[in-house]
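Residue-level structure breakdown
Listed below are the residues making up each chain.
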Amino acid sequence: MYSFKCLFVVFALSIINTKAARSQASEDEETHEGFEQKILLGEAETKEYYKLSEKEKAQRLRILVEKMDKDMNGTIDEEELLSWIERNHVAYIIRRSREFFEDTDENNDGFVMFDEYERIHYQNDRAPKNYKNTTLYRHEKRRFRFADQDNSGSLTLKEFIYFLHPDEGKHMLECIVEETIDNIDRDNDGLISVKDYIGEGILDMNGEQFVEAVKAFKELDKNGDGVLNKEEVTKWIRPDRKSTAAKEAKHMLEHGDKNKDAQLSYEEVVSMGQMLETSKATQYGQVLHHIKPEKQEL
């Protein structure tokens, strides 16, 4: 549905924070898939993993499957897959956020002030001279304020995680809503009209798609006043990690379960190598990179 596409674009705009994201996104020759892998894996780790032979990749996948198989019955069911994806998602966020936190904490005092963040990620040759007038800067400064739960003016590692990943904290929801409205609201009235909602996507729509988009908007417009207010936008974009993880697990089962027994055997998972390398189950290959296989023959 168009509403999902619109949400993805808005949400992606609101959560991309890293210095790497800003620099890589500007390179026209970079494909979306390659960009995503470098952001999630790190460029060096991506190159190293993909230099492995197919046999070495299969070894790492087999070890990964053994970790997923909680009841040790030789197969992975949807519940085991879902549990792994959720757990791994959290571990990945913590690991990457800690690395970013340490890079940003200039004086190594265990806290990050916005001045430190600004000096490292804005005061450089790649940032525009008028960066303080950019939407990204305005959003990040507001997000920093929301993440600073004790109003100390600095962020602990935990607070920094919420700054980088606002969808992980309930107290950050209002911030996400404000950023979403800010990104879509063209006339700056604090409300989202159907015109704002559809945006430039209307240029690529046929009549049927336009009708569907308007219908989706009306479903979100609970009070029927023709615009989406803050409360309605909140209900629209409320993050749902479980739903996302469940979709990923279902997607993997649909594509990997060759014998249609609603489970994945070790062999089926290993045969899904390419798909797992770009899946949240392995955090786009990050988990596979860190697995150290024992010397053994398959």
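Please read these numbers as outputs of a predicted model, since none were measured by experiment.

Concerning the overall build of the protein chain
Within the protein chain, the secondary structure is distributed over 17 helices and six strands. Relative to its 298 residues, the protein chain shows a buried fraction of 45%. Sequence-distant contacts, at least 24 apart, represent 63% of the contacts inside the protein chain between residues at least 6 apart. In the structure as shown, the protein chain presents an accessible area of about 16900 Å², 52% of it carried by carbon and sulfur atoms.

A word on the environment of Ser243
Secondary-structure assignment places Ser243 in helix 14 (residues 241-256). Taking the C-alpha atoms as reference points, Ser243 and Leu82, separated by 161 residues in sequence, lie 10.0 Å from one another.

Structural notes on unusual backbone geometry
The phi dihedral of Asn188 falls on the positive side, at around 55°, and the residue is not glycine. Residue position: Asn188 is located in the loop between helix 10 (173-184) and strand 4 (192-193). Overall, the relative accessible area of 62% leaves Asn188 in the exposed class. Non-glycine residue Lys260 carries a positive phi angle of around 55°. Position of Lys260 among the secondary structure elements: in the loop between helix 14 and strand 6 (263-265). According to the relative accessible area criterion, Lys260 is exposed, its value standing at 60%.

Points about helix 10
Under the 1.5 Å per step criterion, the end-to-end length of helix 10 is 17 Å for 12 residues, consistent within 8% with the ideal 16 Å. A large share of helix 10 lies buried, amounting to nine of its 12 residues. Buried within helix 10 are the following residues: Leu173, Cys175, Ile176, Val177, Glu178, Glu179, Thr180, Ile181 and Ile184.

As for the packing of aromatic side chains
As enumerated under the stated definition, the model contains 15 aromatic pairs in all. Summarising the aromatic geometry, the rings of Tyr122 and Tyr131 are spaced 5.1 Å apart at their centres and angled 25° between planes, so their arrangement reads as stacked. Neither Tyr122 nor Tyr131 differs from the other in exposure class; each is buried. Grouping aromatic residues by their ring pairs yields a cluster made of Phe100, Phe101, Phe114, Tyr117, Tyr122, Tyr131, Tyr137, Phe144, Phe160 and Phe163.

Points about a nonpolar patch on the surface
On the surface, Ile202, Leu203, Phe210 and Val211 cluster together into a nonpolar patch covering about 400 Å² of accessible area. Relative to the elements of secondary structure, Ile202 occurs in the loop between helix 11 (194-198) and helix 12 (207-220).

Some thoughts on the pattern of salt bridges
Per the counting criterion, the structure on display carries 10 salt bridges. Among the ionic pairs, Glu178 bridges to Arg142, the shortest N-O distance being 3.5 Å. Residue Glu178 is located in helix 10, and its partner Arg142 is located in helix 8 (residues 135-147); the two are separated by 36 residues in the primary sequence. One salt bridge connects Asp182 with Arg142, and the closest N-O pair in it is separated by 3.9 Å. Note that Asp182 is positioned in helix 10 and Arg142 in helix 8, a separation of 40 residues in sequence. Judged by its relative accessible area of 24%, Asp182 falls in the partly exposed class. Here the salt bridges share partners, and the residues they tie into one network are Arg138, Arg142, Glu174, Glu178, Asp182 and Lys230.

Digging into the UniProt feature "domain: EF-hand" (unreviewed entry) in the protein chain
When the UniProt feature table is mapped to this numbering, "domain: EF-hand" (unreviewed entry) covers residues 56-91, 92-127, 141-170, 208-243 and 244-279. Here residues 92-127 runs as 58% helix and 6% strand, with 28 Å between its end C-alpha atoms. The annotated region residues 141-170 carries 50% helix and 7% strand content, and the separation between its end C-alpha atoms amounts to 18 Å.

Rules and cut-offs
- In every chain, residue numbers begin from 1 and rise along the written sequence.
- A pLDDT threshold of at least 70 governs which residues receive local features in this predicted model, and a stricter bar of 80 or more applies before side-chain atom pairs are shown or counted, although totals over entire chains, interfaces and linings include all residues.
- Water and hydrogen atoms were dropped before computing side-chain values, which therefore reflect all heavy atoms in the structure.
- Put simply, DSSP marks the helices as runs of H or I at least four residues long and the strands as runs of E at least two long, and each gets a number from the N terminus on.
- Type-normalised accessible area, obtained with a 1.4 Å probe on protein chains alone, sets the label of each residue: buried when under 20%, exposed when over 50%, and partly exposed for intermediate values.
- A contact between two residues is defined here by any heavy atoms of the two lying within 4.5 Å.
- What sets the accessible areas is the Shrake-Rupley method with a 1.4 Å probe; for residues, cover comes only from the shown protein chains.
- Helices are assigned an expected span. That span is 1.5 Å times one less than the residue count.
- Only the six-membered ring of Trp is used, alongside the rings of Phe and Tyr, when aromatic pairs are assigned; centres must lie within 6.5 Å, and planes under 30 degrees apart are stacked while those over 60 apart are edge-to-face, with the rest tilted.
- Patch construction takes residues with relative accessible area above 30% that form no salt bridge. Like charges are linked within 9 Å, and nonpolar side chains (Val, Leu, Ile, Met, Phe, Trp, Tyr) are linked within 5 Å.
- Whenever Lys or Arg places a side-chain nitrogen within 4 Å of a carboxyl oxygen from Asp or Glu, that contact is recorded as a salt bridge.
- UniProt positions are given in the numbering used here, feature names are shortened, and annotations may be inferred rather than shown by experiment.

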